[in-house]
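Topology and contacts: notes
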Amino acid sequence: KGNQAMHEGRYADAIKDYEQMLATAPDGDPLPRIYLGIALAYDGNLQGAVEQYKQVLRLSPNNAVAQYNLGILFLEDNSESEAVNHLNDAVALDPGFKMAHFQLANLLMTERNYAQAASHYTRAIDLGFDNEFVRLMKSLAFVRLRRYGEGRAELEKSVAAFPESASLATALARLLAACPEGSVRDPKRALELTQKLLVSNPAPDFDLVETYGMALAGVGRFGDATDLQKKMITEVESANREDLAAALKENLDLYEHGKACLVPWTDDDPIFTPQPGEIKLLEPK
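An account of the accompanying structure is given in this report. (Residues numbered from 1 in each chain as written. Predicted model: local features only at pLDDT ≥ 70, side-chain atom pairs only at ≥ 80, totals over all residues. Heavy atoms only, no water.)

**Thoughts on the overall build of the chain**
Scanning the chain from terminus to terminus reveals 15 helices and zero strands. Projected onto its principal axes, the C-alpha coordinates of the chain cover approximately 75 × 40 × 30 Å. Expressed as a percentage of its 285 residues, the buried residues of the chain come to 46%. When contacts within the chain are restricted to residue pairs at least 6 apart in sequence, long-range pairs at least 24 apart make up 54% of them. For the chain, the exposed area adds up to about 14,000 Å²; of that, 49% sits on carbon and sulfur atoms. Between the mean site of the 29 positive side-chain charges and the mean site of the 42 negative ones, the chain shows a separation of 4 Å. (Helix = DSSP H or I, 4+ residues; strand = E, 2+ residues; numbered from the N terminus. Buried < 20%, exposed > 50% of the residue type's maximum accessible area, 1.4 Å probe, protein only. Contact = heavy atoms within 4.5 Å. Areas by Shrake-Rupley, 256 points an atom, 1.4 Å probe, with all protein chains shown as cover. Lys, Arg positive; Asp, Glu negative; His and termini not counted. Charge placed at Lys NZ, Arg CZ, Asp CG, Glu CD.)

Printed below as a string of structure tokens:
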């Protein structure tokens, strides 16, 4: 009954059913509290859910799902350090827990612990959690570590594995266009990539157009890069995005003086802060 109510979004009813289940369960059985914690969380009672999972871990300290769910609850409550601790415990208890590796990697990126983030993204991929988002974030972790060659190699493999992914192709083009390491940079190829992307994307996003400007400057077409940059600045200023305009003006100054951009992403670029979408609590295995 509780599961049916949860499936139908009747969380208050599910809570009542799980509370009845808890009242009749054998002492020390963590299962009812795990389900009750999920229902409480979805009903908006994060603190109540946290208390249930703390009880679960007192009863069953080696329960990896409970550690994971408690980590997610702390993440939802903006308690990142607590979330990291519990997700670390989850992967220690179950090294094959791919979702725990993935969410831990995302948190480590936010905390700027890029080396460990790359390790957990790698583990998630090896365990079968393989998609363009996790591939992109793994590559960006290497970029933040200034291990540009590894970042490029990962992006090359990822673009081959996900040829329809505009985000991966754009990231590769940007690294090729503006990498500060000459052995990694290849602006000619970056320009080819961005031109191909622009053809297939009639309404390109901001990142792709900015990457195109970097590639134009990288091959010495400073006039074209300058014109494009001015157009972008006008558009973002009309949208009252002075934060974007400031960064664009820095590159505009470079292009007007015949210099290429050698900073593919600024340190505060939001691309380094993962946004993995809705995070779901897990039911017991």
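**Quick notes on the environment of A41**
Tracing the chain through its elements places A41 in helix α3 (residues 31-42). By relative accessible area, which is 12% here, A41 ends up buried. Between the C-alpha atoms of A41 and L73, which are 32 residues apart in sequence, the distance is 7.7 Å. Ignoring sequence-local partners within four residues, the contact set of A41 consists of L46, A49, L73 and L281.

**Some details on the side chain of Q229**
Inspection of the secondary structure puts Q229 in helix α14 (residues 222-238). In this structure, Q229 is in contact with L248, N251, L252 and Y255, ignoring residues within four places of it in sequence.

**Observations regarding the packing of helix α11 (residues 166-178) against helix α13 (residues 206-218)**
Orientation of α11 relative to α13, taken along the N-to-C sense of each, is 25°, at an axis distance of 9 Å. Regarding the angle of α11 to α13, the classification is roughly parallel. Crossing of α11 over α13 shows left-handed handedness. For the pair α11 and α13, the contacting residues are T170, A173, R174, A177 and A178 in the first and D207, L208, E210, T211, M214 and A215 in the second. Class assignment for the residues of the contact of α11 with α13 results in six nonpolar, two polar and three charged. (Axes fitted to C-alpha atoms, helices over the stretch in contact; angles between N-to-C directions. Parallel < 35°, antiparallel > 145°, perpendicular 65-115°, else oblique. Left-handed = near helix turned anticlockwise from the far one by under 90°. Nonpolar A, V, L, I, M, F, W, Y, C, P; charged D, E, K, R; others polar.)

**So, the packing of aromatic side chains**
Overall, the coordinates contain seven aromatic pairs when judged by the stated rule. Seen from their ring centres, Y68 and F97 are 5.1 Å apart, and the 35° between their planes marks the pair as tilted. Taken as a pair, Y68 in helix α5 (residues 64-76) and F97 in the loop between α6 (80-93) and α7 (98-110) lie far apart in primary sequence, 29 residues in all. Both residues of the pair, Y68 and F97, belong to the buried class. (Phe/Tyr/Trp six-rings, centres within 6.5 Å; stacked < 30°, edge-to-face > 60°.)

**Considering the environment of L282**
By secondary structure assignment, the location of L282 is in the segment after α15 (242-256). In this structure L282 comes out as partly exposed when scored by relative accessible area, which is 26%. Separated by 216 residues in the primary sequence, L282 and A66 have C-alpha atoms spaced 8.5 Å apart. When near neighbours in sequence (up to four residues on either side) are disregarded, L282 contacts I38, V65, Y68, N69 and F97.

**Focus on the packing of α11 against helix α12 (residues 187-200)**
Between α11 and α12, the least distance of the axes is 8 Å, while the angle of their chain directions is 150°. Comparing their axes, α12 and α11 come out roughly antiparallel. In this structure, α11 crosses over α12, and the sense of that crossing is left-handed. Along the contact surface, α11 presents A166, A169, T170, L172, A173, L176 and A177, while α12 presents P187, R189, A190, L193, T194 and L197. Looking at the contact of α11 with α12, its residues break down into 10 nonpolar, two polar and one charged.

**Remarks on the layout of surface pockets**
The computed volume of the largest pocket comes to approximately 510 Å³. If you go around the largest pocket, you meet 22 residues; those closest to its centre are E210, A247, T266, D268 and D269. Every element with two or more residues in the lining of the largest pocket is listed here: α13 and α15. The dominant element in the lining of the largest pocket, judged by the number of residues it contributes, is α15, at six residues. Considering only residue class, the lining of the largest pocket consists of 12 nonpolar, two polar and eight charged. (1 Å grid on protein atoms, 1.4 Å probe; cavity = no way out; pocket = protein on both sides within 12 Å on 5 of 7 lines; lining within 4 Å. Points joined across faces, edges and corners; volume = space filled by probe spheres on them.)

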